[in-house]
Amino acid sequence: MGTPLAPGGSEAGARPQLAIARVLPDLPFDKVFDYLIPPHLAPEVRVGTMVRVALHGRRVGGWVVGLADEPATDRALQPLTRVTGWGPPPDVVALAKWAAWRWAGRPAQLLGTASPPRSVRALPAPPAAAPAPRPTVDPEAAAVVPVGAEVSVVRLPPPADVLPLALAVAARDDALILTPSVAGAASLAARLRQEGLAVALVPQEWARAAAGGCVAVGARAGAWAPRPGLGAVLVVDEGDEAYQEERAPTWNARDVALERARRAGAPCVLTSPCPSLEALDAGRLVLGSRTEERAGWPVLDVVDRRQEPPGAGLYSARLVALARAAEPGARLVCVLNRKGRARLLACATCRELARCEACGAAVDGGDGVLRCRRCGRERPVVCLACGAGRMATLRVGVTRAREELEVLAGRPVAEVSADSAAGPPPAGVPVLVGTEAVLHRVGSASAVAFLDFDQELLAPRYRAAEAALGLLARAARVVGGRSAGGRILVQTRVPRHEVLDAALHADPGRLALVEAARRAALRFPPETAVAAVSGAAAAAFVAGLAGVPEVDVLGPAHDRWLVRAPDHGVLCTALAAAPRPPGRLRVEVDPLRA
């Protein structure tokens with residue numbers, strides 16, 4: 001794949017056995033260029049080394065992605081300008097090439113994530129063996145870690161401590177542990193150090209991870225951490241959306257970790273209170289005691305808002321009573337997502353929500369029809385429950401919700417959202433109202449109330465049900481299980497939804513069965529593989545996919561196309577082969593919001 005550089009170097013002549021570095025520049029194209037390795041730099045150059053090179057009259061950074069004795073061109077070669085330092089090891093370089101194909105991106109983008117945040121000129125010596133004995137590993141946790149390149153999917157109760165499982169994985173050489181958040185990674189790393197283990201928190205301690213002899217712990221970017229001899233992988237809360245990169249290429253740390261473990265022949269353990277269908281497809285489900293799982297889920301109170309008279313407002317009588325009883329030491333957390341940008345339609349007569357008869361998602365009204373936001377099906381403006389032909393729009397907003405609840409409860413109420421000041425919520429306030437962010441900012445509460453959970457249940461995304469159950473699991477961690485007196489209150493107009501049924505019975509498997517059948521019928525992932533294509537050049541790009549066997553192009557809807565194929569092999573090969581027209585183009589493989 002080597003190509004010539006800009007002119008200016010010495011003639012190669014008839015020099016056999018040249019030392020050649022194949023360099024991928026950190027630029028928006030995928031061409032690899034051949035460079036001579038000067039003798040004084042030769043000891044530092046290996047696959048993955050970060051270098052500076054001259055290219056078209058300027059110096060740019062890049063990575064050595066290959067070494068050769070013969071150039072791939074007859075034109076003159078220039079020498080490497082200098083070595084910047086250590087970069088991703090060869091196995092990660094190969095992994096980045098695979099991920100660029102898998103998520104329709106450029107290897108340079110992924111190698112940038114896999115590189116140290118600061119220049120690393122030398123690696124520290126691996127830590128010496130600790131004089132103290134290694135921490136004791138729980139036999140039950142050790143039994144969960146498979147032997148060889150196998151995958152275990154462990155369903156844990158929401159408040160369960162992941163430390164025993166982390167210790168079992170860390171007992172394998174050069175283990176890799178991922179958590180959804182940077183704060184969670186730092187906390188787990190500190191706890192492992194307290195147990196006497198050598199730990200590298202990545203990416204900050206990238207060099208230590210590259211030296212080996214320790215367990216590497218990180219968030220999403222930690223999936224690319226250097227591991228000299230990967231022994232095992234643990235992905236905590238595998239279905240958390242934080243694992244997926246929102247910028248293209250939209251790679252997912254869970255899937256990168258799975259592929260990395262497979263290539264290394266190492267076991268991989270995925271944990272979650274409610275495993276995703278993708279995880280269940282990847283490995284063997286491991287269940288604990290049903291008694292422990294039931295105790296780990298809190299009491300769930302479902303308030304059926306269909307029984308309330310029109311004009312009752314956002315708050316049920318039960319929620320107002322809960323707010324009036326709240327105290328600073330027994331805090332109530334109210335969740336209202338999306339700050340009122342979402343909208344739902346309800347029958348003006350019977351108050352039943354307008355839903356798609358095919359996939360169950362919410363529908364939009366306009367031009368005399370109701371249109372599904374998920375699958376695109378249309379029908380006349382008719383309520384499926386009572387046959388009425390008039391719909392009312394439901395709108396909500398966090399700021400207004402805080403003001404109204406403060407008046408109704410007669411107690412101070414604070415607003416917490418992603419736009420609020422960083423840090424914990426204000427102390428001494430008995431009631432908090434916020435978006436989903438409030439569940440990540442509050443350490444504990446006596447109760448969590450979802451003011452309008454239908455926004456989650458009926459969201460126009462094929463992963464909406466999984467995400468809604470994950471939100472309930474997150475709330476369960478805030479309030480604790482049944483033994484801790486935890487309580488979750490859900491206001492809904494869909495009281496028999498399968499998500500609520502799974503939470504009521506503390507059995508996420510109930511939802512998995514329904515979701516698997518629904519997605520198979522609608523041909524949603526993991527039954528198929530999907531990519532979303534948008535941008536000014538999207539129309540020209542998807543035109544190049546027309547006629548490709550087994551590839552369907554759906555749309556456009558809101559200037560966005562969906563490309564669907566039976567599996568990722570067919571989909572990603574088609575995306576890689578399609579010509580890329582000039583202009584802005586965004587390709588999202590496995591889109592979160594499709």
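See the structure shown above.
Residues numbered from 1 in each chain as written. Predicted model: local features only at pLDDT ≥ 70, side-chain atom pairs only at ≥ 80, totals over all residues. Heavy atoms only, no water.

A. Structural view of the pattern of salt bridges. Going through the model one piece at a time under the given rule, you end up with 38 salt bridges. Across the pair R155 and E293 runs a salt bridge whose closest N-O atoms are separated by 2.8 Å. Of this pair, R155 sits in strand β7 (residues 151–155) while E293 sits in helix α9 (residues 290–296), and the two are 138 residues apart along the sequence. Comparing R155 with E293 shows no difference in burial state: the two are buried. Among the ionic pairs, D255 bridges to R254, the shortest N-O distance being 3.0 Å. Relative accessible area serves as the criterion here: at 16%, D255 is assigned to the buried category. You can call R254 buried: its relative accessible area is 7%. (Salt bridge = Lys/Arg side-chain N within 4 Å of Asp/Glu carboxyl O. Helix = DSSP H or I, 4+ residues; strand = E, 2+ residues; numbered from the N terminus. Buried < 20%, exposed > 50% of the residue type's maximum accessible area, 1.4 Å probe, protein only.)

B. Spatial organisation of the environment of A72. You can see A72 is positioned in the loop between β5 (58–68) and β6 (82–85). C-alpha separation for the pair A72 and N252, spaced 180 residues apart in sequence, amounts to 34 Å.

C. Layout of the sheet that holds strand β18 (residues 369–372). Judged by pairing direction, the sheet is antiparallel, and its three strands sit side by side in the order β17-β18-β19 without closing on themselves. Since the sheet does not close on itself, it has two edges, and those belong to β17 (363–366) and β19 (378–380), each with one partner. The sheet shows a mean angle of 30 degrees between the axes of neighbouring strands, direction not considered. In terms of strand pairing, β18 meets β19 through three bridges, oriented antiparallel. Of the residues in β19, the one forming a bridge with L370 is R379. (Pairing = 2+ DSSP bridges. Axes fitted to C-alpha atoms, helices over the stretch in contact; angles between N-to-C directions.)

D. How the structure looks around the sheet that holds strand β28 (residues 586–589). Taken in spatial order, the four strands line up as β26-β27-β25-β28 in an open sheet, and their pairing is antiparallel. Two strands in the sheet have a free side with no partner beyond their single neighbour: β26 (552–554) and β28. Pairs of neighbouring strands in the sheet enclose a mean axial angle of 20 degrees, with direction left out of account.

E. Molecular detail of the nonpolar core. Ranked by internal contacts, the top residues of the largest apolar core, which has 89 residues, are I177, L192, W224 and L575. L575 has contacts with A104, A531, F541, L545, V587 and V589, leaving out every residue within four places of it along the chain. With 40 residues, the next largest nonpolar core counts V442, L457, A468 and A503 among its residues. (Core = buried A, V, L, I, M, F, W, Y, C linked by side-chain atoms within 4.5 Å. Contact = heavy atoms within 4.5 Å.)

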